[in-house]
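Residues per chain, in single letters:
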Amino acid sequence: MTTPSGGSTPDDYWRRPGTGDDTGADLPPAAPTNTPTSGYAGPPPSVPPPTGWRPPVHLQPAPPRRLPPQDMADLDVAEQRSQRVTYGFGAAAGVVLVVVVCLLCSRIIF
């Protein structure tokens, strides 16, 4: 960033560049003339769309296909097998954590 030098104020750096004529350079912008006096006038009125405004539909989608039947007994067997694997990994992790805690406690005591 460059610093202003000379007789300029620090705000001159952030002003817009002039258009060539310096007649109104130091004047604040004029207030808008069409401001409502009662506050917020609300949203503009909406017009409903004309009838038939949607494009015509030429292709109808195919009906949904039937899902294959599910073998509930096979699903139960697979779920039990995955539950045993999960419990096995949890037990192995628990044993490893107990061994690590015992080793750490034995190092503190001895």
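Residues numbered from 1 in each chain as written. Predicted model: local features only at pLDDT ≥ 70, side-chain atom pairs only at ≥ 80, totals over all residues. Heavy atoms only, no water.

1. With respect to the overall build of the chain
Now for step 1: Looking only at helices and strands, the chain has 1 helix and 0 strands in total.
Now for step 2: For the chain, the exposed surface amounts to about 11,500 Å²; the carbon and sulfur share of it is 64%. (Helix = DSSP H or I, 4+ residues; strand = E, 2+ residues; numbered from the N terminus. Areas by Shrake-Rupley, 256 points an atom, 1.4 Å probe, with all protein chains shown as cover.)

2. Remarks on the UniProt feature "transmembrane region" (unreviewed entry) in the chain
Now for step 1: The sites that carry the UniProt feature "transmembrane region" (unreviewed entry) are, in the present numbering, residues 87-109.
Now for step 2: Overall, residues 87-109 shows 100% helix and 0% strand. The separation of its end C-alpha atoms is 33 Å. (UniProt positions renumbered as here; feature names shortened; annotations may be inferred.)

3. Observations concerning a nonpolar patch on the surface
Now for step 1: A cluster of nonpolar side chains, namely Val95, Val99 and Leu103, defines an oily patch on the protein surface of about 270 Å² accessible area.
Now for step 2: Structurally, Val95 is set in helix H1 (residues 72-109). (Patch = residues over 30% accessible without salt bridge, like charges linked within 9 Å, V, L, I, M, F, W, Y side chains within 5 Å. Salt bridge = Lys/Arg side-chain N within 4 Å of Asp/Glu carboxyl O.)

4. Some points on the state of the cysteines
Now for step 1: Per the stated rule, a full pass over the model turns up 0 disulfides.
Now for step 2: The structure places no disulfide on Cys102, whose sulfur is separated from the nearest cysteine sulfur, that of Cys105, by 6.7 Å.
Now for step 3: Taking the relative accessible area as the measure of exposure, Cys105 reaches 40% and is therefore partly exposed. (Disulfide = S-S within 2.5 Å. Buried < 20%, exposed > 50% of the residue type's maximum accessible area, 1.4 Å probe, protein only.)

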